[in-house]
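Commentary on secondary and tertiary structure
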Amino acid sequence: MFVCAAEEVFTAMLGTELRRDAGVAASIPREFDGFMSFVGLTGDWIGTGFLFCDGKIGADLASRLLMSKLDAVDDEVLDAVGDLTNMVVGGMKNYLEEYVGPLKMSIPTVVYGKRLSTRTMKGDLAVSARCS
């Protein structure tokens, strides 16, 4: 559902094809440079949808969304990455609601920097997909 939602957003909003990388182990990176953007979900089920990408890809995605060339990470790029995360997680939420009932979303949070580390509490379900 997450990949389908992401494909729809990338095609409609960015005019580009998103492809799931087959045969590549997908996991949430423990330490990386770039963007980490996330949106929380609440309802009978709770969770968080994440988008991770490096700075160059984040600026490219923002440029495509805003239809202007953006080379440096600034407020526009941070907002655009948050908006994309919101759209993808929102699309996934729409798919999920058919199975789990109504869900609500938080506003997106975007973190950008070097040597970012992540840690999430162990949950019942974790799905990740590496795409290009």
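Here the residue numbering is sequential within each chain, running from 1 through the sequence in written order. pLDDT decides what is reported in this predicted model: residues at 70 or higher carry local features, side-chain atom pairs at 80 or more are listed and counted, and totals for whole chains, interfaces and linings draw on all residues regardless. Calculated side-chain values reflect all of the structure's heavy atoms, with hydrogen atoms and water omitted.

1. Regarding a negative patch on the surface
Using the following cut-off: Within this analysis, patches are made of residues with over 30% relative accessible area and no salt bridge. Like charges are joined at 9 Å or less; nonpolar side chains (Val, Leu, Ile, Met, Phe, Trp, Tyr) at 5 Å or less. Per-residue and other accessible areas were derived by the Shrake-Rupley procedure at a 1.4 Å probe size, with only the shown protein chains allowed to occlude residues. Note on definitions: salt bridges are taken to be side-chain nitrogens of Lys or Arg within 4 Å of carboxyl oxygens of Asp or Glu. Only four residue types enter the charge count, namely Lys and Arg as positive and Asp and Glu as negative; His and the chain termini do not. Positions of charges follow a simple convention, taking NZ of Lys, CZ of Arg, CG of Asp or CD of Glu. Helix numbers and strand numbers start at the N terminus; a helix is a DSSP run of H or I with at least 4 residues, a strand a run of E with at least 2. Buried, partly exposed and exposed residues are distinguished by accessible area as a fraction of the type maximum, computed with a 1.4 Å probe on protein chains only: under 20%, between the cut-offs, and over 50%, respectively.
A contiguous patch of negative charge on the surface is contributed by Asp74, Asp75, Glu76, Asp79 and Asp83. Here Glu76 shows up in helix α3 (residues 75-100). According to the relative accessible area criterion, Glu76 is partly exposed, its value standing at 44%.

2. Re the confidence of the model for the protein
Here is the rule we go by: The predictor attaches a confidence to each residue, and that confidence, scored 0 to 100, is pLDDT.
Per-residue confidence for the protein averages 87 on the pLDDT scale, and 89% of its residues sit at or above 70. Across the protein, element-level confidence peaks in strand β3 (residues 103-105) with a mean pLDDT of 97 and bottoms out in strand β2 (residues 47-53) with 89.

3. Here's the deal with the side chain of Lys93
Just so we agree on the cut-off: Only heavy atoms enter the contact rule, under which two residues are in contact if any of them lie within 4.5 Å.
Relative to the assigned elements, Lys93 resides in helix α3. Setting aside residues no more than four positions away along its own chain, Lys93 makes contact with Leu41, Leu103 and Met105.

4. Things to note about the nonpolar core
The cut-off we apply is this: Nonpolar core, defined: a set of buried Ala, Val, Leu, Ile, Met, Phe, Trp, Tyr and Cys residues in which side-chain atoms within 4.5 Å join the residues together.
In this structure, Leu14, Val77 and Leu84 are the most contacted members of the largest nonpolar core, which totals 16 residues. Among the elements of the structure, α1 (2-14), α2 (55-66) and α3 are those that each provide at least two residues to this core. No other element matches α3, which puts five residues into this core. Here Val77 is in contact with Phe35, Gly58, Ala59, Ala62, Leu70 and Ala72, once residues within four sequence places are set aside. Residues Val39, Leu41, Val89 and Met92 belong to the second largest nonpolar core, which totals five residues.

5. Description of the packing of α1 against α2
Selection criterion: All axes here are fitted lines through C-alpha atoms, helices being fitted over the stretch that makes contact, and every angle between N-to-C directions spans 0 to 180 degrees. Orientation labels follow simple angle bins: below 35 degrees gives roughly parallel, above 145 gives roughly antiparallel, 65 to 115 gives roughly perpendicular, and whatever is left gives oblique. Each residue gets one of three labels, nonpolar for Ala, Val, Leu, Ile, Met, Phe, Trp, Tyr, Cys and Pro, charged for Asp, Glu, Lys and Arg, and polar for the others, Gly among them.
Contact pair α1 / α2: the axes reach a minimum separation of 9 Å and the direction vectors enclose 55 degrees. Between α1 and α2, the angle falls in the class oblique. Two secondary-structure elements touch here, α1 through Phe10, Met13 and Leu14 and α2 through Leu61, Arg64 and Leu65. Residues that form the contact of α1 with α2 fall into these classes: five nonpolar, no polar and one charged.

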